[in-house]
Amino acid sequence: MDREDAAPSSADSADDRFAQEPEVMPPSFAPTPARRRRREAERDAQMRRATESPATPLLDGEQQPRRSFLVNLLQWVSLVAVGVLIAVIVKTFFIQSFVIPSGSMETTLMPGDRIYVNKLANEADELHRGDVVVFRDPGGWLAGVQQPQQSPAAQVLTKVGETVGLVPSDVGTHLVKRIIGVGGDHVICCTDTGQITVNGLAISEPYVRAGVNPSDVPFDVTVPKGYLWVMGDNRSNSQDSRYHQQKTGFGFVPVSNVEGRAWLIFYPFDRFGWIASGESAFAQVPSNAQ
């Protein structure tokens, strides 16, 4: 035999070292009809579970059961309770709504205006001449004022609405006026030109209703410490400190009765806007002794 015939070629050696790929997949790996049907059935079952139940999948693949109607109801009640609590806190410590019942503050405030009051501004050092304030009746200021009649059910609903701040507080126990004098101020009406003086300085009052005198009632008072002298902007139609000073000899309002400073008209919408302070009218007034 020739040496050439006995020696294997390099190509033949390579073919022997590597296995040939089978032309046909072994039967054990081929997808059988039964196996295909089983996979399709599993996919269909998963799709049905996903569409029929809104349950939330857990980490281990199980399904969280649906929440009952009672659980959902309790959740909503809790949310409402938290909202009411927040409203009560805001109304108690921060802002409160009131409704203007009369024309004593025209044209700064008109009857029917809904206003917000800053309840943080209710101390002597936070209240200034020219501020518009809401205060509780010091005693007898609202005597004779007819209150609207309500059924017992309406009274309960109104009280609840006032408590949570959804309904403006009843003006049957509150008044709104402008501060003219604070504790220690000497306030006099009037000069020869019809102006009010505070601590000896005559003031010009741009907020007073046009065509109305600063006061047709003379007075000369010194405001006690811890009290305020207040007047309406519609001076000819306002039973304010002047009226009660003449009637009882004491027309001052305790600072402790002040609910806060009025700062915003929020209804009606065509009157929406800030309530401008008249503090600039008193900018040059000398400080008092107290």
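Details of the structure are given in the entry above.
Residues numbered from 1 in each chain as written. Predicted model: local features only at pLDDT ≥ 70, side-chain atom pairs only at ≥ 80, totals over all residues. Heavy atoms only, no water.

**Q** Please clarify how the overall build of the protein chain should be interpreted in this entry.
**A** In terms of helices and strands, the protein chain carries six helices and twelve strands. Taken over 290 residues, the protein chain has a buried fraction of 32%. (Helix = DSSP H or I, 4+ residues; strand = E, 2+ residues; numbered from the N terminus. Buried < 20%, exposed > 50% of the residue type's maximum accessible area, 1.4 Å probe, protein only.)

**Q** Can you walk me through the nonpolar core in this structure?
**A** A general feature of soluble globular proteins is that nonpolar side chains tend to end up buried together. Within the largest apolar cluster, 17 residues are counted, with the highest numbers of intra-cluster contacts made by I180, V187, I196, V198, F219, W229 and F282. Among the secondary structure elements, those contributing two or more residues to this core are β5 (186–189), β6 (196–198), β8 (219–222) and β9 (227–231). With 13 residues, the next largest nonpolar core counts F135, W141, L175 and V230 among its residues. (Core = buried A, V, L, I, M, F, W, Y, C linked by side-chain atoms within 4.5 Å.)

**Q** So what exactly am I meant to see when it comes to the pattern of salt bridges here?
**A** Where charged atoms of side chains with opposite charge meet at close range, the side chains can pair. Inspection of the entire model under this criterion finds nine salt bridges. With its nearest N and O atoms 3.5 Å apart, the salt bridge here joins D131 to R261. On the criterion of sequence distance, the pair formed by D131 in the loop between β2 (114–118) and β3 (132–136) and R261 in strand β11 (residues 258–267) is long-range, its members being 130 residues apart. Assessed through its relative accessible area of 3%, D131 is described here as buried. Among the salt bridges present, the one from R178 reaches D233, with a minimum N-O distance of 2.7 Å. (Salt bridge = Lys/Arg side-chain N within 4 Å of Asp/Glu carboxyl O.)

**Q** Help me understand unusual backbone geometry in this model?
**A** One can expect most non-glycine residues to show negative phi and most peptide bonds to be in trans. A cis amide bond links E106 to the next residue, T107, at an omega of 0°. Position of T107 relative to the elements: it lies in the loop between β1 (95–99) and β2. Here the bond from C189 into C190 is cis, since omega is 0°, no more than 30 degrees from zero. Along the polypeptide, C190 turns up in the loop between β5 and β6.

**Q** What is the right way to look at the state of the cysteines in this model?
**A** The bond known as a disulfide is covalent and runs between the sulfur atoms of two cysteines. Taken as a whole and assessed by the stated rule, the structure comprises one disulfide. Linked covalently through their sulfurs, C189 and C190 form a disulfide whose S-S length is 1.7 Å. Every disulfide takes its handedness from the sign of the S-S torsion; for C189 and C190 that torsion is -70°, giving left-handed. You can call C189 buried: its relative accessible area is 9%. Judged by its relative accessible area of 31%, C190 falls in the partly exposed class. (Disulfide = S-S within 2.5 Å.)

**Q** What exactly am I supposed to notice about the sheet that holds β6 here?
**A** Strand pairs in the sheet, formed through backbone hydrogen bonds, run parallel or antiparallel to each other. Overall, antiparallel pairing links the four strands, which are arranged β7-β6-β5-β8 in an open sheet. Looking at strand neighbours, the two that pair on one side only are β7 (201–202) and β8, the edges of this open sheet. In terms of strand pairing, β5 meets β6 through three bridges, oriented antiparallel. By the bridge assignment for β6, V187 is matched with V198. (Pairing = 2+ DSSP bridges.)

**Q** Looking at this structure, how should I read a nonpolar patch on the surface?
**A** Taken together, the side chains of F69, L70, L73, L74 and V77 define a hydrophobic patch exposed on the protein surface, amounting to about 530 Å² of accessible area. With respect to the helices and strands, the residue V77 is situated in helix α4 (residues 69–93). (Patch = residues over 30% accessible without salt bridge, like charges linked within 9 Å, V, L, I, M, F, W, Y side chains within 5 Å. Areas by Shrake-Rupley, 256 points an atom, 1.4 Å probe, with all protein chains shown as cover.)

**Q** Honestly, the environment of A276 in this entry has me stumped. Any pointers?
**A** Its place among the elements puts A276 in the segment after β12 (273–274). Look at A276 and you get exposed, because its relative accessible area is 56%. Residues A276 and L264, spaced twelve residues apart in sequence, show a C-alpha to C-alpha distance of 8.8 Å.

**Q** Looking at this model, I keep getting lost on helix α6 (residues 241–248). Mind explaining?
**A** Quick reminder: α-helices carry 3.6 residues per turn. Residues three or four places apart thus point the same way. Within α6 the residues assigned to the buried category are S241, R242 and H244. Turning to α6, the residues buried within the fold contact β8 and β9. Following α6 by one or two positions, G249 has its phi on the positive side, about 85°. (Contact = heavy atoms within 4.5 Å.)

**Q** Sorry, what's going on with the pairing of β1 here?
**A** Within a regular strand, the side chains alternate between the two sheet faces. Most of β1 is tucked away: four of the five residues are buried. Across five bridges, the pairing between β1 and β2 is antiparallel. Bridging from a neighbouring strand, V99 pairs with R114 of β2.

**Q** Sorry, what's going on with the packing of aromatic side chains here?
**A** We describe a pair of aromatic rings using the distance from one ring centre to the other and the angle between the two ring planes. Scanning the entire structure with this criterion turns up nine aromatic pairs. Ring pairing ties together the aromatic residues F219, Y227, W229, F250 and F252, which thus form one cluster. R178 extends its terminal NZ or CZ atom over the ring of Y207, reaching a point 4.0 Å from the ring centre. (Phe/Tyr/Trp six-rings, centres within 6.5 Å; stacked < 30°, edge-to-face > 60°. Lys NZ or Arg CZ within 6 Å of the ring centre and 35° of its normal.)

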